Amino acid sequence: MSSVIEEKKINADTSQPFSEALVVGAGFAGLYMLHRLRGLGISARVLEAGDGVGGTWYWNRYPGARCDVESMEYSYQFSEELQQEWEWTERYATQPEILRYLEHVSERFDLLRDIQFNTRVQSADFDQNESKWCVETSSGQTFSCQFLVMATGCLSSVNTPHFEGMSDFSGSCYHTGHWPHEPIDFTGRRVAIIGTGSSAIQSIPVIAEQAKMLHVFQRTPNFSIPAGNRPLEESYVQEVKSRYPEFRAEGRSQGFGIVDPFPPSAHADPERIPTRQEVEESLQERWDYGGITFLNGVPGLTTDPALNELAADFVRRKIREEVSDPEVADALSPSTMVGCKRLCVDTNYFSTYNRSNVKLVDISQSPIDKIVPEGVSVSGKVYACDDLILATGFDAMTGALSKVEIKGREGLTLADKWKEGPRTYLGLATEGFPNLFIVTGPGSPSVLSNMVQSIEQHVEWISDCMVYMKRAGLVRIEPKFDAEEEWVTHVNELADQTIFPTCNSWYLGANVPGKPRVFMPYLGFPPYVEICRDVADSEYKGFQLA
Ligand code: NA7
């Protein structure tokens, strides 16, 4: 049955609005998905829970929020005109600037007319007879579609730990991942912040400048590299813009999909083990440059524990140099390997602990007992505060998906299928859930790559697949069981060759109590892209098409 007839048929016997594709989420992924599908003549609409576009960048408005990938890279590359005309102002864009960019994109490409805001998708049921999805929102509105695209983001469902007495707290409480829209002024206030991940590390120095007193409750210290943020120099911007396609290709050729500012010389011998002195010099060069490409400092840093320890020791020494109180410096020094938890990027984080109004409370040995009306209680001692900030992160990669009750073939829910951990083929689709696509799902490079680039690669793969099916008169696609099994094994085998699974990170789901411990991102952007291309070129091997 051609999809034109299918559409008429479905519209004829149901009152639900139908589109060939229904996209959930209007962040980087949903916006490009809509634009691309339109361009390919596939009808699409987007449902978005927020009141505006932006996704992660709509919700994460905490003080100091900015991207840890450089602006010239953390942007779309699908339109040469767009990348030429947009002017980033800083090396790392702030949340407001990224949000302005996404608002600009949605206006420039006339996307808003197909996005329904303030609409939270509650459930999705696959109708096996019609090969279509029936989607219901929390307000009871229903939609149907042939393809359901979950563009719900990897870091969009906040992790709010349960602390006894939370509702008794008499002050104001905030979560970094769900920050109010109006600016919060902490001037003269006593503030407590729980958590020392990226969000805390970015916000602590900013809040410390306002607050009368800031207590930081740290369960696990994190490695952080100075951002070296600064206004972008016009000459650098022009240089990149003059060769944007090559610049992007450089990024795509790297393991993490991010341009390496210090690529190895063509004459370097990759087999030669660097001396300790050379390792030290290279790390220093990266440290001075700033940012997450520190992890490229020495080849093998993410696979060889001994090399990793040299880098870990390097950062610990830097912390000791920065922080004047040796006990505080010690408490701020992680004992894990560098990179196994997401490497943080900061501006003046460690030196903030030299301020008299900032106190670190080490809760690694004795956790928070409870929240009391006046503040936070640890080992019976109450740390009084007017404002309590939870910088406690996200139910990463699977949280937003498991919040929607997605029922596939035979009524199987996605939450049930993923009870022991997420299982996908290519991080794009999952067996038992036909015509369901996930943008940057678990099992794809996603959070261990330049997210925007990975989103574009997924959007293009998914939309090309829809076009292929439409042309071939196919109405249904689903991964085969064996292909998915092999993929899950492959993702884990790759991770097991590295230092990434060695600590309790959100890559593993270890930050959420009860979440199964499974390493979720795929390691290696270039080989991943090759595999996806090969699957598409071979008429979607590993998938069952009907
Ligand atoms: P993260 O990196 O998950 O950090 C969350 C922090 O909250 C981390 O320090 C946690 O300690 C801490 N946490 C979580 N639960 C608790 C409880 N119950 N008690 C005390 N402390 C707790 O989230 P972010 O928002 O900072 O960053 C997420 C990503 O966004 C980041 O990596 C960037 O890619 C952008 P733990 O380490 O679990 O001991």
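The rules behind each value
Residues numbered from 1 in each chain as written. Predicted model: local features only at pLDDT ≥ 70, side-chain atom pairs only at ≥ 80, totals over all residues. Heavy atoms only, no water. Helix = DSSP H or I, 4+ residues; strand = E, 2+ residues; numbered from the N terminus. Contact = heavy atoms within 4.5 Å. Domains from an automatic or database assignment. Buried area = accessible area lost by both parts, 1.4 Å probe. Disulfide = S-S within 2.5 Å. pLDDT = per-residue confidence, 0-100.

### Structural notes on the side chain of Ser-123
- Position of Ser-123 among the secondary structure elements: in strand 4 (residues 121–127).
- If near-sequence neighbours (up to four positions away) are discounted, Ser-123 is found in contact with Cys-134, Val-135, Glu-136, Val-404 and Glu-405.

### Digging into the domain arrangement of the protein
- According to the domain assignment, the protein consists of domain 1 (2–157 + 396–545) and domain 2 (224–229 + 274–388).
- For domain 1 versus domain 2, the separation of C-alpha centres amounts to 33 Å.
- Across the boundary between the two partners, domain 1 contributes 18 residues, which contact 21 residues of domain 2.
- Where domain 1 abuts domain 2, roughly 1500 Å² becomes buried across the two surfaces, and 53% of that area is made up of carbon and sulfur atoms.
- Contact with domain 2 buries surface across domain 1, with Asp-68, Arg-91 and Ile-499 losing the most and accounting together for 39% of the total.

### Concerning the state of the cysteines
- Evaluated as defined, the whole model comprises 1 disulfide.
- Here Cys-340 engages in a disulfide with Cys-503; their sulfurs sit 2.3 Å apart. Residues Cys-340 and Cys-503 share a disulfide whose torsion about the S-S bond is about 115°; that sign makes it right-handed. Placement of Cys-340 in the loop between helix 11 (326–331) and strand 11 (344–346) and of Cys-503 in the loop between helix 15 (481–496) and helix 16 (525–537) is noted, with a sequence separation of 163 residues between them.

### Details of the confidence of the model for the protein
- Of all residues in the protein, 97% have pLDDT values of 70 or greater, and the mean over the chain is 95.
- Predicted confidence for residues 1–14 stays below pLDDT 50, and this span has 19 contacts to residues more than four positions away or in other chains.

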